[in-house]
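# Structure at a glance
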Amino acid sequence: VKASAGRGERWAAFALLACGVLGWSFLQHRVADSDAALAARRTQLEQLRVLVAVPNGSAGALDAVVGLLDGRPLRWSERDGIGYLLPEARP
Amino acid sequence: VKSLVWRVLTAPRRWCESPLPVAVLGMVACLLAGVVQVAAALGRAETVRREVAAELAGLAANAAALEVGVAQPGRHTVAVGEQVVDVEVGERVVACAVRTRDGERARFVAPVLSGALPAAFGHRFASPDPAAVAAVGGVVVGPDDLPTLVPELVAAAPRADRWAGFRRDPGVALMRLEGGTERDDHVVAVPESGTLPVPAAGVVVVPGHLWLTSPTGVLRLGLERDLLVVVEGNLYAAASLVVEGPGRLLLWVAVPAGQTAFADRDGNGRFSAGDRLLAAGPFAGALEGAGGVYFGLPGGPPELAFGALLVAVGELHVAAPTTLHAPAMGLSGVTELGSGRIRCGESEVLDVQRDALPGLQTRGLPRPGRLLPMAPPSAVPVAGVPEDLLYAGTPGR
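The residue numbering used here restarts from 1 in each chain and proceeds along that chain's sequence as written. Chain letters start at A and ligand numbers start at 1, both assigned in the order the entries are written. Side-chain atom pairs in this predicted model are given and counted only at pLDDT of 80 or more, local residue features only at pLDDT of at least 70, and totals for whole chains, interfaces and linings cover all residues. The side-chain numbers reported here are obtained from all heavy atoms of the structure, hydrogens and water having been left aside.

## Examining the interface of chain B and chain A
When the parts come together, some accessible area is lost, and that loss is often what is quoted as the size of the interface. Note the cut-off: Here a residue-residue contact requires only that any non-hydrogen atoms of the pair lie within 4.5 Å. What makes a salt bridge here is a side-chain nitrogen of Lys or Arg within 4 Å of a carboxyl oxygen of Asp or Glu, nothing more.
In this complex, chain B contributes 39 residues to the contact, which on the side of chain A involves 39 residues. There are 4 salt bridges connecting chain B and chain A. A salt bridge links Glu51(B) to Arg42(A), with the shortest nitrogen-to-oxygen separation between them at 3.1 Å.

## Side note on the environment of Ala53(A)
The condition that has to hold: Put simply, DSSP H or I for four residues or longer makes a helix, DSSP E for two residues or longer makes a strand, and each gets a number counted from the N terminus. The cut-offs for exposure are 20% and 50% of the maximum accessible area for each residue type, with area from a 1.4 Å probe on protein chains only; residues under the lower value are buried, those over the upper are exposed, and the others partly exposed.
Looking at the element boundaries, Ala53(A) is found in helix α1 (residues 7–53). Overall, Ala53(A) belongs to the partly exposed group, its relative accessible area being 36%.

## So, the confidence of the model for chain B
What counts is decided by this rule: Predictor confidence is given residue by residue as pLDDT, running from a minimum of 0 to a maximum of 100.
Of all residues in chain B, 93% attain a pLDDT of 70 or more, and the chain-wide mean is 87. Predicted complex metrics record ipTM = 0.82 and pTM = 0.77.

## Quick notes on the sheet that holds strand β6 (residues 139–140) of chain B
All names here are of chain B. Let me state the cut-off plainly: Paired strands are those between which DSSP finds at least two bridges.
Taking strand neighbours across the sheet as the criterion, the 7 strands line up as β6-β5-β24-β21-β16-β13-β10 in an open arrangement whose pairing is parallel. Edge positions in the sheet fall to β6 and β10 (203–206), since each has one partner strand and no second. Here 4 bridges tie strand β16 (residues 249–253) to strand β21 (residues 309–312), and the two strands are oriented parallel to one another. Paired with Val253 across the strands is Ala312, a residue of β21.

## Looking at the packing of aromatic side chains
Stated formally: Aromatic contacts are taken between Phe, Tyr and Trp rings whose centres are within 6.5 Å, Trp giving its six-membered ring; a plane angle under 30 degrees counts as stacked, one over 60 as edge-to-face, and the others as tilted.
Under the criterion given, the structure shown has 7 aromatic pairs over all chains. On the numbers, 6.0 Å between centres and 85 degrees between planes, the contact of Trp11(A) with Phe14(A) is edge-to-face. Taken together, the residues Trp11(A) and Phe14(A), both in helix α1 and 3 residues apart, mark about one turn of the helix. One exposure class covers both Trp11(A) and Phe14(A), and it is exposed. Between Phe262(B) and Phe283(B), the aromatic rings sit 5.9 Å apart at their centres with planes inclined by 70 degrees, giving edge-to-face as the arrangement.

## Quick notes on α1(A)
Convention followed: Expected span, for any helix, means 1.5 Å times one less than how many residues it has.
Its 47 residues give α1(A) an end-to-end C-alpha distance of 68 Å, which sits within 8% of 69 Å, the value for a rise of 1.5 Å per residue. Inspection of α1(A) places Ala13(A), Gly20(A), Val31(A), Leu38(A), Gln44(A), Leu45(A), Leu48(A) and Leu51(A) among the buried residues, and these make up the whole buried set.

## A few points about the nonpolar core
The condition that has to hold: Among the buried residues, those of types Ala, Val, Leu, Ile, Met, Phe, Trp, Tyr and Cys that are joined through side-chain atoms within 4.5 Å form a nonpolar core.
Core analysis: the largest hydrophobic core is formed by 40 residues, its most contacted members being Leu251(B) and Phe295(B). Once residues within four sequence positions are removed from consideration, Leu251(B) is found in contact with Leu210(B), Leu212(B), Val229(B), Leu235(B), Leu241(B), Phe306(B), Ala308(B), Leu309(B), Leu310(B) and Val311(B).

## A short note on the pairing of β21(B)
Residues and elements named next belong to chain B. Neither face of β21 is exposed, since Leu309 and Val311 on one face and Leu310 and Ala312 on the opposite face are all buried. The pairing of β21 with strand β24 (residues 328–330) spans 3 bridges and is parallel. Counted as the bridge partner of Leu310 is Ala328 from β24.

## Describing the sheet that holds strand β14 (residues 235–237) of chain B
All names here are of chain B. Defined as follows: Every axis in this analysis is a line fitted to C-alpha atoms, fitted for helices over the stretch in contact. Angles between the N-to-C directions lie between 0 and 180 degrees.
Strand order across the open sheet formed by 7 strands is β7-β8-β11-β14-β19-β22-β25, with mixed pairing between neighbours. The open sheet has two free edges, formed respectively by β7 (166–168) and β25 (334–336), since each of these has just one partner strand. Averaged over all pairs of adjacent strands, the angle between strand axes in this sheet comes to 20 degrees, irrespective of strand direction. Strand direction decides the pairing type here: β14 and strand β19 (residues 293–295), joined by 3 bridges, are parallel. Counted as the bridge partner of Ala237 is Phe295 from β19.

## A word on the pattern of salt bridges
A complete count under the given rule lists 19 salt bridges over all chains for this structure. The partner of Arg49(A) in a salt bridge is Glu55(B), with the nearest N and O atoms 3.0 Å apart. Of this pair, Arg49(A) sits in helix α1 while Glu55(B) sits in helix α3 (residues 19–68), each in a different chain. Exposure remark for Arg49(A): the relative accessible area of 28% places this residue in the partly exposed category.

## Focus on empty space enclosed by the protein
Here is the rule we go by: Site definitions follow a grid-based scheme: protein atoms alone, a 1 Å grid, a 1.4 Å probe that fits but cannot get out for cavities, and for pockets an open set with protein on both sides within 12 Å along at least five of seven lines, plus lining residues having an atom within 4 Å of a point. Grid points are joined across faces, edges and corners, and a volume is the space filled by probe spheres set on the points.
Here the structure, examined in full by the defined rule, presents 2 cavities of 30 Å³ or more. There is about 50 Å³ of room inside the largest cavity. If you go around the largest cavity, the residues you meet are Arg79(A), Asp80(A), Ile82(A), Leu66(B), Gly69(B), Pro366(B), Arg367(B) and Pro368(B). Taken as a whole, the second largest cavity holds about 40 Å³ of empty space. Secondary structure elements with two or more residues in the lining of the second largest cavity: β11 (209–212) and β16 of chain B.

Here it is in structure tokens:
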């Protein structure tokens, strides 16, 4: 770096770089949080698929997915002896 | 030229003489990296959002299809939670279209089933004999849970000796059983395409014994649709069996009139002293009997994997370690010969309420089968949907 660069110029450069790094770090943390939430949502989606594939009517198994799919409650229902999951309207 | 090259080579040095441009470049790089990361995260979130939307649409369509049923053909509109589902009930197919919040439309189709499958298909292995269940694993089932054939379909089904995909083989038994067999022996003749042809009703009858053999030790066959093969004799598995879908293979090993099923305790392939009859009355018919299944034969692989659904009316004889990769039923017992053991693999059981197999009596009321998505929700916009999508000629699988 040229020795003649002024003190103010150097501080401005440092501030710019610091802003860039801090901003990038902030975004990275937000992305990591979002990915963690996404992973949980995907896990529950997989659990829901298992429930749909093999309906067993277990309320405990249903608790694992309730509230995370767009906030819609799900409940077991039955018609002519066939069990199925019924998505209801948002409370 | 020399001067120009020198100016190009020294350009980075000149740019670095002032810290501000370097700092700006660094900040832009950080910004770009952040934008790329956020864009990737948004993409991942959108993927999951679409998958969730598709799953919820499937649940809504399923609930609507079951609520409407198949008794009243025509178009019905049902509200399920926050979703509105259009249900079109046809003679053979139920089609559902779900309108989602973001203006997309998910479409599903299901075949109309005449009823449910017997409960025994809902287990990896089922038998009315507790000793057989103790040997294989699975559950003990009662007579009401066991399947029965539709006699009219079986009577009208093509015979294997006149249907491509099977052929008579007079020598196959002589190579593996001392003295061979008395009745006709058949083998699977996989066409060059690797896919067995399936008759319209999905049923083929083997008038004799069926042998599963392969020079490689693994018999692979493809099926576009489900196929029921009724074996009016014994089934001899001298090779592993792999069925490549989407169709499934159900082997029903029956005891035809005039033949006798027995437990071949000495494993010699014919009724002899010490063998146990499985029905009252004297032994009748061919010496090798009928209705029995033999896993493991001379010349076959040391271990077997069996990938077809199986209903054995007679005894299961196991002479080699065998793993069942599809639901099976042994209506009689299990005879283990030598080191032969049989166990259930990680097979998927059938959803007996919503699944169908050809040639079997069903129970309960007619119903829609399992819904299958016709297209991802995002792939079919609301406007401009060709209406014939709703009326698939045949149910997809």
